[in-house]
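Structural characterization, general
Letter by letter, the chains look like this.
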Amino acid sequence: MYIVSVIPLVPGISKDSLTYSSEQSFALGSVVAAPFRNKTIDCVVIEQRSVREAKADLRTASFSVKKISQKVQSRNLISRHYIDALIECAHYYGITYSECFNLLLPKSLFSSEFSVNQPDLTSQNTKNIEYKEILQSDTPEYYSKEQKNGLRIIVVPTKERANFLKNSLSDLTPIVLHSGISVLKQTKILSSISQNGLYICTPQFVAFFHSADRIYLDNFSSSHYTTKTAPHINTINVLKAYSIKVSSSVVAVDSLVLESIDKTTLSSFLALDMTDSVNGSKYIWQSARLQKLLEHNKKNNKNTLLYVHRKGLSSYLSCNDCKTVAECECGAALVLFESKDGSRKLVCSVCKKTNVLDKERAISCGMCGSWKIQGYGISTEGVTNNLKKEGYPTFLIDTEHTKTPLSVKNTYQEFTTTPGGVLVATELCLDHVTDQIDSVCIVSIDSLLLIPEYDTDMRILRRVRSLSSYSKTGIFVQTRLPKNPIWRVTDPEKYDTWKKDYLEQTKKYDLPPNGIKLKIAKNGYFTDEAKKI
């Protein structure tokens, strides 16, 4: 007889783990069906002890231990090392084990009848157990030059990035795992993991690898590694802990890392034009240089990507009489959107509260009642409408107009096959760009410079670096803040000064990578772990 501790794979259970008795022995990481209230739920086995070892705990327990049916079949699925990493993550973020497991594991696979058939070779490689980070470039050519033997895993932030690397590294015959692949194909791949192969997968699928020789964290600074729902777990922390436990070396691969890039390389791919004015142009978002570029590309059937940081028709609305800015109840500015059918709505940029406007009625000021309301700011819909008036074949990608990955993919493909097409897009398009584009311009990114965050500079540089890699002819950025220190990176003579100032600031205020940034927020109730913090 055994006493088994399990973590339930269903949301809404506040306990870290549940305890059962069983006549059957289970391997750690197995998924079993256990009784819970009036139903049966899937659980992950995290601990197993004999009744003799747990006798003292059973005598003092304030509850009766339910029994797992003897007929139940366990499936060897999750790596015990990944379980340990998830438990450490739960302690770090002050959440229950169940909540952490449900956030970071692919629940679609638990209902499938399959087992992972891979030996745990960790004990054979106990000498190299330290975490090792190597900063390199994230180009596919780098992976092609890397070691060809052993089990190698490239962890990518998105499935689009996985498909891109699969096509780029086709000569290495990589095996891809992500949520876009059917469950049947996922189970087939996981049932026969090879000890000598290259796998490309999103973070949640690493749980099924019981050992690995080398793990690559592709584009590890990407925000897509952080879960979209609270408590916003950065899965990079879990992957680092897991790599130590499986004795695997880790290569942290990124497109732009301050310590690994020199000023010559930086200046070669950044072509920032900070002196253009709007003189001679009809629109405030369009410099003279951009206007000439669009006209040239239209005449020569070349495509153009215009990156706009903010979506909507106007970033904010202001009354020309009393100068009042339209705000939400939460205090954030309201963004004006316009649909294809002409309907308009105001959406809060923070709490997302929506107010649909009457088509037949103009917007009036809530403070003085004036009808003189004007929209300000550079945003996707405003740029798109202006381009369509000028006769450009224009396409738009943002979360308001392309709400599914398929719609983003279709819009991008239509853009690439249209001669002289112009794509107005937010960062949503970046994971779907598969080929180089004739010209790329960042119309506006100044709003990022106004955000008081420690990593603003790095976010902007990564965005510019990412966009420039898709351009055949370089990239230029339009800005109304040309004196901001970040633009010194475009001048090789000033780059060293900027880099020195940036590193001194991170050391002075213990900012990453010199320190760890913690965010503690109360949402509903505090767990016991959060109270200890």
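Structure first, text after, so check above.
Residues numbered from 1 in each chain as written. Predicted model: local features only at pLDDT ≥ 70, side-chain atom pairs only at ≥ 80, totals over all residues. Heavy atoms only, no water.

Comments concerning the sheet that holds strand 14 (residues 334-338)
Condition: Each pair of strands is called paired provided DSSP finds at least two bridges between the two strands. Going along the chain from the N terminus, every DSSP run of H or I of four or more residues is numbered as a helix, and every run of E of two or more is numbered as a strand. Axes here mean lines fitted to C-alpha atoms, for a helix over just the part in contact, with angles spanning 0 to 180 degrees between N-to-C directions.
Here three strands make up an open sheet; going across it, the order is 14-15-16 and the pairing antiparallel. Lying at the two open borders of the sheet, with one neighbouring strand each, are strand 14 and strand 16 (354-356). Averaged over all pairs of adjacent strands, the angle between strand axes in this sheet comes to 25 degrees, irrespective of strand direction. The sheet contact formed by strand 14 and strand 15 (residues 344-348) spans five bridges and is antiparallel. Paired with F337 across the two strands is K345, which belongs to strand 15.

A short note on the sheet that holds strand 9 (residues 197-201)
With parallel pairing, the five strands of this open sheet are ordered in space as 8-9-7-10-11. Pairing within the sheet leaves two strands with one partner each, and these edge strands are strand 8 (175-177) and strand 11 (249-253). If you compare each strand with its neighbour and ignore which way they point, the axes differ by 20 degrees on average. Bridge analysis of strand 10 (residues 214-218) against strand 11 gives five bridges, and the strand direction is parallel. What sits directly across from L217, in strand 11, is A252.

Let's talk about the state of the cysteines
Cut-off, in case you're wondering: The criterion for a disulfide is a pair of cysteine sulfur atoms lying within 2.5 Å. Between buried and exposed lies partly exposed: a residue is buried under 20% and exposed over 50% of the maximum accessible area for its type, with that area taken using a 1.4 Å probe on protein chains only.
For the structure shown, the criterion picks out zero disulfides. With no disulfide partner, C319 has as its closest neighbouring cysteine sulfur the one in C368, 3.7 Å distant. On the accessibility criterion, C319 (0% relative accessible area) is buried.

Overview of the pairing of strand 19 (residues 422-425)
Here is the rule we go by: A clockwise course of the path from the first strand over the helix to the second, judged with the strands pointing away from the viewer, identifies a crossover as right-handed.
Burial along strand 19 is two-sided: V422 and V424 and L423 and A425, pointing in opposite directions, are all buried. Sheet topology note: the strand 12 (residues 304-308)/strand 19 ladder contains four bridges and is parallel. Paired with L306 across the strands is V424, a residue of strand 19. Of the strand pairs in this sheet, strand 18 (residues 394-397) and strand 19 are connected by four bridges, and their pairing is parallel. Opposite F395, over in strand 19, you have L423 as the bridge partner. What joins strand 18 to strand 19 is helix 11 (residues 405-416), and the crossover it makes is right-handed.

Let's talk about the packing of aromatic side chains
Our working rule: Aromatic contacts are taken between Phe, Tyr and Trp rings whose centres are within 6.5 Å, Trp giving its six-membered ring; a plane angle under 30 degrees counts as stacked, one over 60 as edge-to-face, and the others as tilted. By definition, being over a ring means that NZ of Lys or CZ of Arg is both within 6 Å of the ring centre and within 35 degrees of the ring normal.
What the rule picks out here adds up to seven aromatic pairs. Each ring, one from Y412 and one from F415, has its centre 6.1 Å from the other, and the planes form 50 degrees; the classification is tilted. Here Y412 pairs with F415, and both are found in helix 11, just three residues apart, close to one helical turn. When its relative accessible area of 5% is taken as the criterion, Y412 is described as buried. Pairwise contacts between aromatic rings join F395, Y412 and F415 into one cluster. The side chain of R289 reaches across the aromatic face of F476, ending 4.3 Å from its centre. Sitting over the face of the ring of Y392, K298 holds its NZ or CZ atom 4.9 Å from the ring centroid.

Observations concerning the pattern of salt bridges
To keep things clear, this is the line we draw: Here, a salt bridge means any Lys or Arg side-chain nitrogen found within 4 Å of an Asp or Glu carboxyl oxygen.
Summed over all chains, the structure comprises six salt bridges. For E400, the salt bridge goes to K345, with nearest N and O atoms at 2.6 Å. With E400 in the loop between strand 18 and helix 11 and K345 in strand 15, this residue pair connects regions lying 55 residues apart in the sequence. For R463, the salt bridge goes to E427, with nearest N and O atoms at 2.8 Å. With R463 in helix 13 (residues 456-468) and E427 in the loop between strand 19 and strand 20 (439-444), the pair connects residues that are 36 residues apart, well separated along the chain.

Brief notes about the side chain of T227
Which entries qualify depends on this criterion: For this analysis, a polar contact is any N or O atom pair within 3.5 Å, provided that within protein one partner can donate a hydrogen and the other can accept it, and provided that sequence-adjacent residues contribute only side-chain to side-chain pairs. Whether two residues are in contact is decided by their heavy atoms, any of which lying within 4.5 Å being enough.
Here T227 shows up in the loop between strand 10 and helix 7 (235-245). Taking the relative accessible area as the measure of exposure, T227 reaches 14% and is therefore buried. Within polar-contact distance, the side chain of T227 engages the backbone nitrogen of I233 at 2.8 Å. In contact with T227, not counting residues within four places along its chain, are L104, H232 and I233.

As for the environment of A241
The residue A241 is located in helix 7 in this model. With relative accessibility at 14%, the residue A241 sits in the buried group. Distance in space between the C-alpha atoms of A241 and H81 is 8.7 Å, their sequence separation being 160 residues. When residues no more than four places from it in sequence are discounted, the contact partners of A241 are A85 and E88.

Note that all results are geometric; they support no functional claim without further evidence.
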